[in-house]
Amino acid sequence: MSESGPADEARYRALSLWWDGLPGRLGARPSLGADIDVDVAIVGAGLTGLWTARSLLAADPGMRVALLESEVAGFGASGRNGGWCSALFAASDARIAREHGADAARAMRRAMQATVDEVAAAAAADGIDCRLAKGGTVVAARNAAQVRRAEESVAEARALGFGEEDLRWLDRAEAEVRLGAHGVLGATYTPHCAALDPARLVRGLAEAVERRGGSLYEHTPAIAIEAGRGSNRPLVRTPNATVRADVVVRATEGWTSTLPGEGRALAPIYSLMIATEPLPESFWAEAGLVHRETFSDHRHLIIYGQRTADDRLAFGGRGAPYHFSSSIEDGFDRVPAVHAALRDTLVELFPQLAGAAITHSWGGPLGVPRDWFSSVGIDRASGLAWAGGYVGDGVATTNLAGRTLADLILGRDTDLVALPWVGHRSRRWEPEPLRWIGINAALWATKVADGGESRTGKPSRLAAQVDRLLGH
Ligand SMILES: Cc1cc2nc3c(=O)[nH]c(=O)nc-3n(C[C@H](O)[C@H](O)[C@H](O)COP(=O)(O)OP(=O)(O)OC[C@H]3O[C@@H](n4cnc5c(N)ncnc54)[C@H](O)[C@@H]3O)c2cc1C
């Protein structure tokens, strides 16, 4: 790796708590300077691209796999997220059951559950110390409407045949042992989640892919991906060179809308995070999270937290505005009002933290499909493959995507390629200004719904309408 200059070093370290904690100097790999011909070209070196490369090279060590990354490996959401390696999938089980049948919904959930362990096993096999702890997830119910939603989610799991070992209701006393937060009336608990350090995972994975023979070109943006036709193979154009391949994989998630022809495929919606200083044992004696359980509550506007390996709280949530025309800028990663609101929410959960220092604040774009249904697939005629649209649930799902893409590319008829998200096509987002109005109105309605529920304890009808509009 060649060394990146001091400016880049500072810019990358500022990407997240996790980037700031990476050991050693941050290097950058060379960019692509001349045309190449490979078996598989992957655009984007986040977890999707890297898991795909890893799976392909594990199956066929002689395969020529090249990754093209506009910044550096892990620059995107993969190095900035909340570190929930969970069995969550963007579309609900109930919806998958409605659209594909109960067996398909069960198969998808079991595949996601197994993926949490796959990530742990792959990281261990490749010597990646991503500080993973599989403590499960505790989601608190903090008003009557949230209790009702929590009970419904347990009932939904039971109806599909998932038992106490997959999801269970904790009464108030049990819940408070796991998560000693203010106002907890009860909680749901699932063991299917691990907390990890995402930058260590994605950066370690990039090195592991290179050790397995993959080529990684950084500071090499794809400016166009062109479909193959007849005897012409697909190709990727970059500023200085062209890459020809049998298959081109698009793994650009939140940035997909910047590619020609993809402006309405995935909306970049920002999720923002903060992290506290390392917290003392006296705090943890009350707050719990002994097994580094990831935590949230049953409100509509997603919040998520983890106890880090060095005893901080890393805490995030949605709520940042969607930017007109799906624009993405470094400056959008920091919205003082949203970061302040996250801090207020954290202090509301843990009043003892009123005086705790917030050492890091950051954010990044998620890739959100119009129907909230992640997908992976390949179009054999054009040689183009894709994976993404994970919304906020990509840490584990990218691993499933990578293994599935490898099977699809290699033409293997496995259980993975039969899962209901394979080949799913989401409809496009509305053109502007409708997209801007719709997404920001939904965001506003979600906040209003949570406020109403915490005041009245009654489930919000507004939230139900938003859910219907989004196809949940
Ligand atoms: C703040 C935040 C918190 C989150 N928390 C969680 C969580 O706790 N659990 C969870 O499961 N998920 C979480 N997510 C979502 C999760 O991080 C993503 O779903 C996942 O990382 C997506 O991986 P990816 O490789 O598809 O995309 P990314 O990691 O975004 O990678 C895309 C890559 O493509 C590159 N790229 C873009 N355009 C081009 C181009 N034209 N040419 C070449 N390269 C290009 C980008 O630089 C980037 O490196 C969170 C996301 C954010 C932003």
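Remember, it's a predicted structure, so these values are computed and weren't measured experimentally. Once a new chain begins, its residue numbering starts again from 1 and follows that chain's sequence as written. Confidence filtering applies because this is a predicted model: local features only for residues at pLDDT of at least 70, side-chain atom pairs given and counted only at 80 or more, and all residues used for totals across whole chains, interfaces and linings. As a convention, hydrogens and water are excluded, and side-chain values are obtained from all of the structure's heavy atoms.

Caption draft 1: Representation of the overall build of the protein. The helix count covers DSSP runs of H or I at least four residues long, the strand count covers runs of E at least two residues long, and both are numbered beginning at the N terminus. The number of helices and strands found in the protein is 13 helices and 20 strands. For 472 residues, the compact-globule formula gives about 23 Å, and the C-alpha radius of gyration of the protein, at 21 Å, lands near that figure. Reported as C-alpha extents along the three principal axes, the dimensions of the protein are approximately 65 × 50 × 45 Å. Only protein chains enter the accessibility calculation, which uses a 1.4 Å probe; a residue is then buried when its area is under 20% of its type maximum, exposed when over 50%, and partly exposed in between. Per-residue burial over the protein gives 59% buried out of 472 residues. Considering only intrachain contacts with a sequence separation of at least 6, the fraction spanning at least 24 residues in the protein is 76%. Carbon together with sulfur atoms contributes 54% to the accessible area of the protein, which is approximately 18600 Å² in total. Separation between the mean location of the 51 positive side-chain charges and that of the 57 negative ones in the protein comes to 3 Å. The atom set for the radius of gyration is the C-alpha atoms, and the globule formula is 2.2 Å times the number of residues raised to the power 0.38. It only takes one pair of heavy atoms within 4.5 Å for two residues to be counted as in contact. The accessible surface values rely on the Shrake-Rupley method and a 1.4 Å probe; as for residues, cover is taken only from the protein chains in view. This count recognises Lys and Arg as positive and Asp and Glu as negative, with His and chain-terminal groups excluded. Here the site of a charge means NZ on Lys, CZ on Arg, CG on Asp, or CD on Glu.

Caption draft 2: Main features of the pairing of strand β18 (residues 358-369). Burial runs high along β18: nine of the 12 residues are buried. Sheet topology note: the strand β14 (residues 266-276)/β18 ladder contains 11 bridges and is antiparallel. Looking at β18, one finds that I274 is bridged to S361. In this analysis, strands are considered paired if DSSP registers two or more bridges between them.

Caption draft 3: Spatial organisation of the packing of helix α5 (residues 102-125) against helix α11 (residues 397-410). Between the N-to-C directions of two axes lies an angle of 0 to 180 degrees, each axis being a line fitted to C-alpha atoms and, for a helix, fitted only over the stretch in contact. Where α5 contacts α11, the axes come no closer than 8 Å and their chain directions differ by 100°. Relative to α11, α5 is oriented roughly perpendicular. Facing M108, A111, M112, T115, E118 and V119 of α5, the residues of α11 in contact are T397, N399, L400 and R403. Only Asp, Glu, Lys and Arg are considered charged, only Ala, Val, Leu, Ile, Met, Phe, Trp, Tyr, Cys and Pro nonpolar, and every remaining residue, Gly among them, polar. For the contact of α5 with α11, the class distribution of residues is five nonpolar, three polar and two charged. Every angle not falling under 35 degrees, over 145, or within 65 to 115 is termed oblique; those three ranges are roughly parallel, roughly antiparallel and roughly perpendicular.

Caption draft 4: Fine view of a nonpolar patch on the surface. A cluster of nonpolar residues, F324, W436 and I437, forms a patch on the protein surface that exposes about 300 Å² of accessible area. Relative to the assigned elements, I437 resides in helix α12 (residues 434-456). Looking at I437, the relative accessible area reads 45%, which means it is partly exposed. The patches reported here contain residues having more than 30% relative accessible area and no salt bridge. Joining distances are 9 Å for like charges and 5 Å for nonpolar side chains (Val, Leu, Ile, Met, Phe, Trp, Tyr). In what follows, salt bridge is the name for a side-chain nitrogen of Lys or Arg lying within 4 Å of a carboxyl oxygen of Asp or Glu.

Caption draft 5: View of the site of the ligand. Nearness of a residue to a molecule or strand requires only that one of the residue's heavy atoms be within 4 Å of it. As a matter of local geometry, the ligand sits amid 37 residues, with T48, E69, S78, G392 and V395 nearest to it. N or O atoms within 3.5 Å of each other form a polar contact, as long as, within protein, one can give a hydrogen and the other can take it, and as long as residues adjacent in sequence are counted only when both atoms are side-chain atoms. A distance of 3.0 Å separates an oxygen atom of the ligand from a polar atom in the backbone of L47. In this structure, a nitrogen atom belonging to the ligand sits 2.9 Å away from a main-chain N or O atom of W84. A total of 1000 Å² of accessible area belongs to the ligand in isolation, and the protein chains cover 98% of it.

Caption draft 6: Geometry of the packing of helix α3 (residues 47-59) against helix α8 (residues 198-211). The geometry of α3 relative to α8 is characterised by a closest axis approach of 10 Å and an angle of 35° between their N-to-C directions. Regarding α3 and α8, the two cross each other, and that crossing is left-handed. Between α3 and α8, the contacting residues are L47, L50, W51, A53, R54 and L57 on the first element and L201, V202, L205, A206 and V209 on the second. Less than a right angle of anticlockwise turn of the near helix away from the far helix marks a crossing as left-handed, whereas a clockwise turn marks it as right-handed.

Caption draft 7: Inspection of the state of the cysteines at higher detail. A pair of cysteine sulfur atoms is labelled a disulfide when the two atoms are within 2.5 Å. Under the definition given, this model contains zero disulfides. Here C130 is not disulfide-linked; the sulfur of C85 is the nearest cysteine sulfur, at 8.0 Å. There is no disulfide at C193, and the cysteine sulfur nearest it, in C85, is 6.8 Å away.

Caption draft 8: Structural view of unusual backbone geometry. The omega torsion of the bond from E432 to P433 falls at 5°, within 30 degrees of zero and hence cis. Inspection of the secondary structure assignment puts P433 in the loop between α11 and α12. In this structure, E253 is a non-glycine residue whose phi angle is positive, near 35°. Non-glycine residue W372 carries a positive phi angle of around 60°. Along the chain, W372 falls in the loop between β18 and β19 (375-379). A residue is classified by how much of its surface remains accessible, and W372, at 14% relative accessible area, is buried.

Caption draft 9: Molecular detail of the packing of aromatic side chains. The criterion for an aromatic pair is that two Phe, Tyr or Trp rings (for Trp, the six-membered ring) have centres within 6.5 Å, with stacked assigned to planes under 30 degrees apart, edge-to-face to planes over 60 apart and tilted to the rest. Evaluated as defined, the whole model comprises 11 aromatic pairs. When the centroid spacing of 5.7 Å and the interplanar angle of 90° are considered together, the rings of F89 and W421 count as edge-to-face. Note that F89 is positioned in the loop between β5 (84-86) and α4 (93-100) and W421 in the loop between α11 and α12, a separation of 332 residues in sequence. Comparing F89 with W421, the two get one shared label, buried. When the centroid spacing of 5.5 Å and the interplanar angle of 70° are considered together, the rings of F283 and F350 count as edge-to-face. Taken together, the positions of F283 in helix α9 (residues 281-287) and F350 in the loop between α10 (336-349) and β18 put the pair 67 residues apart, joining distant regions of the chain. Of the two residues, F283 and F350, both sit in the buried class. Put simply, the rings of F283, W284, F295, F315 and F350 touch in pairs and so form one group of aromatic residues.

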